[in-house]
Amino acid sequence: MKGIKKEIYVLREGLKTDITYVNGTTMIPIELHIADFELPIDSAAVVYSLAAGMSSPKKIVGEIKNNTVVFTPEPAFFNVGINVVQVRIVSGIKTLVTFSETVVCKNTMNFEDAGEVESQPTLVQQLLAKITECLGEFKKTEQNITEAIRTETANRLEADRNHEEELQKINKIYKERILTAEALKLVMEAGKIVDAMLVKNLNEDISMINKSLSESCVGFPDYTKKIAEYSNKGFTAPENCWARVTSTSGWTNTTLNVNGNGVIIQQIMNTDSYPIKSTVLIPLKKGDVVTMSSQTKVNGITALLYPMRK
């Protein structure tokens, strides 16, 4: 709610401006913000107003919000004319009294339909009204806290029930997990859980099998890489390799020697199926000397060299 705002000082008295108010107004609050002193959190305030000809001031209970004293004048709290206002602030046994402020109260027309102005309630009545208001707020707060506690308790119980259900599901899965390779072979449906150690052991077995297969291929010919090709002429093996030898024999024999030893001797027998053609693989070590029989019209021999797999 918007109101009449004024900044006041309690440590020093400076230049002041008057507050102007209209007699009979009870809708606009007056807010006095204390700029040079921080009020204790348990402070309570009473606003006093004294006009000319009065022997004692009128009193009204103020409310403290954000270091600001807020009060809404009751009917007849200010007299028409000049009113001197002071605020007394109490915290425990300590008291703070502000410097006086001036409120100029303007007169109004004679409203015949306004009725008689009610007399100002006493300070005790105002305090009792405030206490009743505070008790009402306290009861509302207490009800809200109680309701919040009930809601929190219900939520926690629901969470505990859900947690217990989840634990039961996990325990069921744990008990029904597959522990052996034999049990795994019997699985006929999806959604079964396999024990982690079983998976680990199976992976290790697969890795060993792959390693054995890989190692068993070491030394086999790598047909993706050809080292050299020789036809009807000798050569020296440039590295450990395989020689894929294709020989064709017609009327005479075809031979291939490695380091002087006959490895291929393709002899011609009495047959009507000429020429005879065959292919063999010969492993060679680096430095092996290979010789071949000379080429004729119907005889020939070719060696393709391939590296050994590593």
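Placed above this text is the structure.
Model, not experiment: these values are computed from the prediction.

A.B. asks: Looking at this model, I keep getting lost on the overall build of the chain. Mind explaining?
C.D. replies: Scanning the chain for helices and strands turns up three helices and 17 strands. Counting across all 310 residues of the chain, residues that qualify as buried make up 26%. Intrachain contacts of the chain at a sequence separation of at least 6 include 71% that bridge at least 24 residues.

A.B. asks: Just to check I follow, could you spell out unusual backbone geometry for this structure?
C.D. replies: Where the residue is not glycine, phi is negative for most of them; where a peptide bond is considered, it is trans in most cases. Unlike most non-glycine residues, asparagine 232 shows phi in positive territory, near 55 degrees. Relative to the elements of secondary structure, asparagine 232 occurs in the loop between strand 10 (228-231) and strand 11 (235-236). Residue asparagine 232 is classed as buried on the basis of its relative accessible area, which comes to 17%. In this structure, asparagine 259 is a non-glycine residue whose phi angle is positive, near 55 degrees. If you trace the backbone, asparagine 259 turns up in the loop between strand 13 (254-258) and strand 14 (261-266).

A.B. asks: Help me understand the packing of aromatic side chains, please; the structure alone is not making it clear to me.
C.D. replies: Here the distance between the centres and the angle between the planes together describe a pair of aromatic rings. Enumeration over the complete set of coordinates arrives at five aromatic pairs. Summarising the aromatic geometry, the rings of phenylalanine 71 and phenylalanine 77 are spaced 6.3 Å apart at their centres and angled 65 degrees between planes, so their arrangement reads as edge-to-face. A residue is classified by how much of its surface remains accessible, and phenylalanine 71, at 3% relative accessible area, is buried. An angle of 5 degrees between the planes, with centres 4.1 Å apart, marks the rings of tyrosine 230 and phenylalanine 235 as stacked. No difference in accessibility class separates tyrosine 230 from phenylalanine 235, as the two residues are buried. An aromatic cluster is built from Tyr21, Phe71, Phe77 and Phe78, whose rings are joined through pairwise contacts. Lying over the aromatic face of tyrosine 9, arginine 12 brings its terminal NZ or CZ to 4.5 Å of the ring centre.

A.B. asks: Sorry if this is basic, but what is going on with the pairing of strand 17 (residues 300-307) here?
C.D. replies: On a regular strand, one side chain projects to one face of the sheet and the next to the other, so that they alternate. With seven of eight residues buried, strand 17 is to be regarded as a mostly interior element. Here eight bridges tie strand 12 (residues 241-249) to strand 17, and the two strands are oriented antiparallel to one another. Bridge pairing in strand 17 links arginine 244 to leucine 304.

A.B. asks: Is there a simple way to think about the pattern of salt bridges in this case?
C.D. replies: Pairing between side chains of opposite charge can happen when their charged atoms approach one another. Counted by the stated rule, this structure contains nine salt bridges. Residue lysine 16 pairs with glutamate 13 through a salt bridge whose shortest N-O separation is 2.7 Å. Residue lysine 16 is classed as partly exposed on the basis of its relative accessible area, which comes to 34%. Residue arginine 161 is joined to glutamate 158 by a salt bridge in which the shortest nitrogen-to-oxygen separation is 2.6 Å. With arginine 161 and glutamate 158 both in helix 1 (residues 123-175) and three residues apart, this pair spans about one turn of that helix. We classify arginine 161 as partly exposed; its relative accessible area is 46%. When its relative accessible area of 36% is taken as the criterion, glutamate 158 is described as partly exposed.

A.B. asks: Explain the nonpolar core to me, please; I cannot follow it from the model alone.
C.D. replies: Grouped burial of nonpolar side chains is what soluble globular proteins tend to show. Judged by nonpolar contacts, the single largest core of 20 residues is most densely connected at Ile30, Leu32, Val47, Phe71, Phe78, Val87 and Ile89. Of all elements in the fold, only strand 2 (19-22), strand 3 (30-34), strand 4 (44-51), strand 6 (68-71), strand 7 (81-91) and strand 9 (101-106) reach the threshold of two or more residues within this core. Of all hydrophobic cores here, the second largest spans 17 residues; its members include Tyr230, Phe235, Ala237 and Ala243.

A.B. asks: Can you help me understand the side chain of threonine 246 in this one?
C.D. replies: Within the secondary structure, threonine 246 sits in strand 12. Among the polar contacts made by the side chain of threonine 246, one reaches the side chain of threonine 279 at a distance of 3.3 Å. If sequence neighbours within four positions are ignored, threonine 246 has contacts with Lys277, Ser278, Thr279, Gly300, Ile301 and Thr302.

A.B. asks: How should I be thinking about the environment of proline 40 in this particular structure?
C.D. replies: Summarising the element assignment, proline 40 is placed in the loop between strand 3 and strand 4. A residue is classified by how much of its surface remains accessible, and proline 40, at 38% relative accessible area, is partly exposed. Separated by 52 residues in sequence, proline 40 and glycine 92 place their C-alpha atoms 9.6 Å apart.

A.B. asks: When you look at the pairing of strand 3 in this model, what are you seeing that I'm missing?
C.D. replies: Where burial is concerned, most of strand 3 is hidden: four out of the five residues are buried. With five bridges connecting them, strand 1 (residues 4-8) and strand 3 associate as parallel partners. In the sheet register, lysine 5 faces strand 3, and the bridge partner there is glutamate 31. As paired strands, strand 3 and strand 6 are joined by four bridges and run antiparallel to one another.

About the criteria used
Residues numbered from 1 in each chain as written. Predicted model: local features only at pLDDT ≥ 70, side-chain atom pairs only at ≥ 80, totals over all residues. Heavy atoms only, no water. Helix = DSSP H or I, 4+ residues; strand = E, 2+ residues; numbered from the N terminus. Buried < 20%, exposed > 50% of the residue type's maximum accessible area, 1.4 Å probe, protein only. Contact = heavy atoms within 4.5 Å. Phe/Tyr/Trp six-rings, centres within 6.5 Å; stacked < 30°, edge-to-face > 60°. Lys NZ or Arg CZ within 6 Å of the ring centre and 35° of its normal. Pairing = 2+ DSSP bridges. Salt bridge = Lys/Arg side-chain N within 4 Å of Asp/Glu carboxyl O. Core = buried A, V, L, I, M, F, W, Y, C linked by side-chain atoms within 4.5 Å. Polar contact = N/O pair within 3.5 Å; in protein donor to acceptor, adjacent residues only side chain to side chain.

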